[in-house]
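Structural description and commentary
The chain contents come next:
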Amino acid sequence: MIELIPAIDIINGQCVRLTKGDYDQKTVYRDSPAEVAKEFEQIGFKRLHVVDLDGAKSKHIVNSSVLRRITTETQLTVDFGGGIKTNEDIEKAFTAGASMVTIGSVAVTNPKLFMGWIEKYGAERIILGADVRYGKISINGWKENSAEDLLPFLRKYIDAGVRNVLCTEISKDGTLSGPAISLYKEMMEAYPKLHLIASGGVSSIDDIKALDSAGIPAVVFGKAIYEGKINLNELWDWQNA
């Protein structure tokens, strides 16, 4: 059964969503991310994906205090990403209570530092962020395209022990247009042992069921919750039927 991971994206301490990673297409949904996290926990969810969008844009963690509030006021297992560029940043994330961190840009721009984090903290605590636009890995809050092609990029880190990968098809993110199932199937066929977390485009429980049927291990979803496209109680009941 697919792992369900609701998402909270943060700008100025608020719960927001962007469309296609565009900071000019921002919708604020709630003022308190911690209260949203508590609601997820009350339904029964155990895992939460938190993104510091201010951090991603600024290239250093900005909303660590929001992360700390979430991790102190809930028992959720939180993976945190956005702005983790230095040893100080990753320590700040873990000190604020993150169980795992999602690292994308550093894996592209400073592979030596990324591998050092794998060795220091363990591969189980590091999620490789592999966000894709036009077949290339995108970095720095999706504002820049790198020269890295997806599958070869994954190979070098899978060979080094990475198993957790979060992949967003950026053209799908925040669009409620359906997930990039063909892309995720291609990734799983290439690397069957991958714990792939699909992200972007989820618009309904049927989309999540389709990902589950395709053998995708986990899914992150956010906008569909906040826009009322997914009833979380119904989703929870489906997973636990």
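Notes on the structure follow. Note that the structure is a prediction, hence the values are computed from the model and not measured. (Residues numbered from 1 in each chain as written. Predicted model: local features only at pLDDT ≥ 70, side-chain atom pairs only at ≥ 80, totals over all residues. Heavy atoms only, no water.)

Topic: the overall build of the chain
This is how it is decided: The numbering of helices and of strands both runs from the N terminus, where a helix is a DSSP run of H or I of at least 4 residues and a strand a run of E of at least 2. Each radius of gyration is computed over the set of C-alpha atoms, and the globule rule expresses the reference value as 2.2 Å times the number of residues to the power 0.38. Think of it in three bands: with a 1.4 Å probe and only protein chains considered, a residue is buried below 20% of the maximum accessible area for its type, exposed above 50%, and partly exposed in between. Any two residues whose heavy atoms approach within 4.5 Å are treated as being in contact. Accessible surface area values rest on a Shrake-Rupley calculation with a 1.4 Å probe, where residue burial reflects the displayed protein chains alone. Counted as positive: Lys and Arg. Counted as negative: Asp and Glu, with His and the chain ends omitted from the count. In this description, the location of a charge corresponds to atom NZ of lysine, CZ of arginine, CG of aspartate or CD of glutamate.
Looking only at helices and strands, one finds 11 helices and 13 strands in the chain. The globule rule puts the C-alpha radius of gyration for 241 residues at 18 Å, and the 16 Å found for the chain is close to it. Each principal axis of the C-alpha atoms in the chain carries an extent, and together these give about 45 × 40 × 35 Å. Split into buried and exposed, the 241 residues of the chain put 57% on the buried side. Within the chain, counting contacts between residues at least 6 apart in sequence, those at least 24 apart form 65% of the total. On the chain, roughly 10000 Å² of surface is accessible, and the fraction owed to carbon and sulfur atoms is 45%. Distance between charge centroids for the chain: 3 Å, based on 28 positive and 32 negative side chains.

Comments concerning helix H4 (residues 87–95)
Stated precisely, the cut-off is as follows: Taken from the helix axis, the directions to the C-beta atoms give the arc we talk about.
Within H4 the residues assigned to the buried category are Asp89, Ile90, Ala93 and Phe94. In a view along the axis of H4, the buried residues occupy a sector of 130°, so they form one face of it. More than 90 degrees from the buried face of H4, the exposed residues found are Glu88 and Thr95. Where H4 is buried, its residues contact helix H3 (64–73), strand E5 (77–81), strand E6 (100–103), helix H6 (111–121) and strand E7 (126–129). Just past H4, the residue glycine 97 takes up positive phi, approximately 110°.

What to know about the pattern of salt bridges
Which entries qualify depends on this criterion: The salt bridge definition used is simple: a Lys or Arg side-chain nitrogen within 4 Å of an Asp or Glu carboxyl oxygen.
Summed over the entire model, instances satisfying the criterion amount to 12 salt bridges. One salt bridge in this structure joins glutamate 39 and arginine 30, with 2.7 Å as the shortest N-O distance. On the accessibility criterion, glutamate 39 (34% relative accessible area) is partly exposed. On the basis of relative accessible area, arginine 30 is assigned to the partly exposed category, the value being 32%.

Some details on the environment of leucine 211
Note on placement: leucine 211 falls in helix H9 (residues 205–213). Considered as a pair, leucine 211 and serine 182 are 29 residues apart in the sequence and their alpha carbons are 9.9 Å apart. With residues near it in sequence (within four places) discarded, leucine 211 still touches Ile2, Pro179, Ile181, Tyr184, Ala198, Val202, Ile216 and Val219.

Regarding the pairing of strand E4 (residues 47–52)
As a reminder, the rule being used: Two strands make a pair as long as DSSP finds a minimum of two bridges between them.
Summarising burial for E4: 6 of the 6 residues are buried, a large majority. Neither face of E4 is exposed, since Arg47, His49 and Val51 on one face and Leu48, Val50 and Asp52 on the opposite face are all buried. Relative to E4, strand E1 (residues 3–11) runs parallel, the two being bridged by 4 bridges. Bridging from a neighbouring strand, isoleucine 10 pairs with aspartate 52 of E4. As judged from the 5 bridges shared by E4 and E5, these two strands associate in the parallel manner. By the bridge assignment for E5, histidine 49 is matched with aspartate 79.

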